[in-house]
Amino acid sequence: MSITRRGFIESAVVASLATSLNAADSNAQDTPKSDSRPAKRPILISAHNGFNYLDDAFAYLKSGGDTLDSAIRVVKGPENDPNDTSVGLGGLPNEEGVVELDACCMHGPTRRAGSVGAVRNIKNVSMVAQAVMQHTGHVMLVGEGAERFAVAVGFPRENLLTDRSRKIWLLWKENHSNEDWWGPGIADPNWKPPRTSPEAKPQADLWQDRILQLHARAAALGIEPEFRMAAVRRVLFPPTGTIHCSALNDKGEISGVTTTSGLAFKLPGRCGDSPIIGAGCYTDQDIGSAGATGSGEENIKVAGAHTIVENMRRGMSPHEAGIDALKRIVRNYNGDMTRLKFVDMTYYILRKDGAYAGVSLWQGYTKDTPHKIAVHDGTRRAEVTTPLFQGYSEEFPRVPDVPPDLAKDSVYLK
Ligand code: GLY
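Keep in mind that what you see is a predicted model, and the values were worked out from it rather than measured. For every chain, the first residue of its written sequence is number 1, and the numbers climb from 1 along that sequence. In keeping with the model being predicted, local features are shown solely for residues with a pLDDT of at least 70 and side-chain atom pairs are shown and tallied solely at 80 or more, while totals for entire chains, interfaces and linings include all residues. Calculated side-chain values reflect all of the structure's heavy atoms, with hydrogen atoms and water omitted.

A. How the structure looks around the confidence of the model for the protein. Each residue gets a pLDDT score, which is the predictor's confidence in that residue and runs from 0 to 100. Per-residue confidence for the protein averages 85 on the pLDDT scale, and 81% of its residues sit at or above 70. Only heavy atoms enter the contact rule, under which two residues are in contact if any of them lie within 4.5 Å. Confidence drops under a pLDDT of 50 for residues 1–32, and excluding neighbours within four residues, the segment shows 52 contacts in the predicted structure.

Set out below in structure tokens:
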């Protein structure tokens with residue numbers, strides 16, 4: 001989420017960079033599960049939304065399947081899942097209500113790469129990135145050219161905007177209606193005059209009002225009761241969901257892929273880190289592979305995946321390499337925790353010997369939704385990532401407690 005855009009400039013620095021880095025050091029002493037396991041090959045690691053697809057991909061990898069094909073088997077699952085609002089079909093759209101997808105991949109054994117950005121109407125953009133790698137002399141295609149290329153090599157065009165994502169987008173659109181004509185007008189029987197100045201009511205009450213109004217509009221738009229609160233959160237705090245997967249076979253061949261619908265309600269044409277080779281994904285056959293989910297703009301500025309692989313080349317463990325990349329994000333804000341509270345980043349790291357790590361800036365979004373890395377090395381499991389900072393990233397501005405009668409039926413929306 002962009003914090004500068006929201007004019008978030010004041011506030012004292014509540015913790016110094018030194019304090020921040022001490023937090024990292026003390027975390028490092030916790031035994032991260034992912035670093036403590038013996039390295040095994042073959043192995044697949046992915047973002048947590050790949051968990052359900054690891055069994056099939058692992059069987060394929062173990063039977064001699066190509067490492068990139070194996071990784072794509074994992075990420076294709078969420079790309080095809082209309083209920084995953086962060087990737088592929090059903091991904092949340094841009095500000096004009098159009099789904100635009102980004103992806104990139106690297107194939108270690110042949111040292112090749114492919115990437116696509118801002119692609120419309122094609123759901124398996126991870127495979128389109130692979131096709132760019134296999135069928136062109138280029139590395140990256142974007143926009144209309146990428147879509148036309150995808151159709152030329154056989155991908156079907158389809159509508160990626162599911163009914164649920166369209167309704168969440170409509171809710172987002174109506175939420176901006178002080179400035180435009182979206183949402184019911186003054187002739188609507190339920191119309192209420194715009195809220196009075198913020199001074200008229202305590203801030204927490206205004207938020208409570210806003211949530212209640214959005215929740216009522218979500219009902220009016222026909223969003224199912226169990227998804228209404230999740231839809232409200234999506235509108236107030238647009239997410240940057242994504243999936244990354246890296247695969248290593250028993251011969252030591254390694255590949256990686258990352259795919260996403262990017263930041264919800266973004267400006268048309270916005271590309272995050274996921275299609276950027278070296279940011280959202282980087283694989284070096286000599287060293288290992290890394291990928292990212294989270295705040296794309298922050299990750300581009302530290303070339304996260306490349307930084308991590310280069311750190312491992314210089315002898316850092318996967319865990320140390322990832323923590324160092326996170327510290328670079330912290331450095332970009334001079335350790336200002338009032339800003340870093342609103343940044344979210346998770347790295348998935350796999351070294352060529354099978355050692356791996358999942359690290360994140362924060363423990364998760366909430367106590368109930370910790371960041372996790374999904375792993376399959378013969379045993380499929382999900383492990384919590386090792387955070388640089390103890391605590392949870394915050395949404396901005398902070399939402400007061402959701403009224404219990406609205407919270408009780410809410411489900412977590414991917
Ligand atoms: N990490 C996904 C994005 O920011 O687009």
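B. Structural view of the side chain of S86. Put simply, DSSP marks the helices as runs of H or I at least four residues long and the strands as runs of E at least two long, and each gets a number from the N terminus on. Along the chain, S86 turns up in the loop between α4 (67–80) and β2 (101–107). Among the residues examined, S86 registers a relative accessible area of 8% and is labelled buried. Counting of polar contacts relies on pairs of N or O atoms within 3.5 Å, with two restrictions inside protein: one atom must be capable of donating a hydrogen and the other of accepting it, and residues adjacent in sequence are counted only when both atoms are side-chain atoms. Polar side-chain contacts of S86 include one of 2.6 Å to the side chain of D84. Each residue's exposure class comes from its accessible area (1.4 Å probe, protein chains only) as a fraction of the maximum for that residue type: buried when under 20%, exposed when over 50%, partly exposed otherwise.

C. The site of the ligand, seen in detail. T240, T242, G262, L263, R270, G272, D273, S274, G294 and G296 make up every residue found near the ligand. At 3.3 Å from a nitrogen atom of the ligand is found a side-chain nitrogen or oxygen belonging to T242. Within the contact set of the ligand, an oxygen atom lies 3.0 Å away from a backbone nitrogen or oxygen of G296. With the chains in place, 100% of the 200 Å² that the ligand exposes on its own is no longer accessible. Here the ligand occupies the largest cavity. Within the shell around the ligand, the residues separate by chemical class into one nonpolar, seven polar and two charged. In this text, near means that some heavy atom of the residue lies within 4 Å of the molecule or strand in question. Here the open area of atoms and residues is found with the Shrake-Rupley method and a 1.4 Å probe, where only the protein chains shown may cover a residue. Only protein atoms enter the calculation, which uses a 1 Å grid: trapped sets of points that fit a 1.4 Å probe without letting it out are cavities, open sets showing protein on both sides within 12 Å along at least five of seven lines are pockets, and any residue with an atom within 4 Å of a point is a lining residue. Whether a molecule sits in a cavity or pocket is decided by its atoms, more than half of which must lie within 2 Å of the grid points. Amino acids outside the nonpolar list (Ala, Val, Leu, Ile, Met, Phe, Trp, Tyr, Cys, Pro) and the charged list (Asp, Glu, Lys, Arg) are all regarded as polar, and Gly is one of them.

D. Broad picture of the packing of aromatic side chains. In this analysis, rings of Phe, Tyr and Trp, with Trp reduced to its six-membered ring, are considered paired at centre separations within 6.5 Å, and the interplanar angle assigns stacked below 30 degrees, edge-to-face beyond 60, and tilted for intermediate values. All told, the structure shown has two aromatic pairs when counted by the stated rule. Relative to F265, the ring of W172 lies with its centre 4.8 Å away and its plane at 15 degrees, an arrangement referred to as stacked. Of this pair, W172 sits in helix α7 (residues 163–174) while F265 is found in the loop between β6 (254–260) and β7 (281–284), placing the two residues 93 residues apart along the sequence. In terms of burial, W172 and F265 fall into one category: buried. Aromatic pair W362 and F389: ring centres 5.0 Å apart, planes at 45 degrees, arrangement tilted. Placement of W362 in the loop between β10 (356–360) and β11 (372–376) and of F389 in the loop between β13 (386–387) and α14 (404–407) is noted, with a sequence separation of 27 residues between them. When sorted by exposure, W362 lands in the same class as F389, which is buried.

E. A look at the pairing of strand β9 (residues 345–351). Counting buried residues along β9, six of its seven residues qualify, which places the element largely inside the surrounding structure. As paired elements, strand β8 (residues 288–294) and β9 share seven bridges and run antiparallel to each other. Looking across to β9, one finds that S289 is bridged to L350. Judged from the five bridges that link them, β9 and β10 form a sheet pairing that is antiparallel. Following the sheet pairing, I349 is matched in β10 by A357. Linking β9 to β10, which pair antiparallel, is a turn of four residues; within it G354 sits at a positive phi near 105 degrees. Any two strands are treated as partners once DSSP identifies two or more bridges connecting them.

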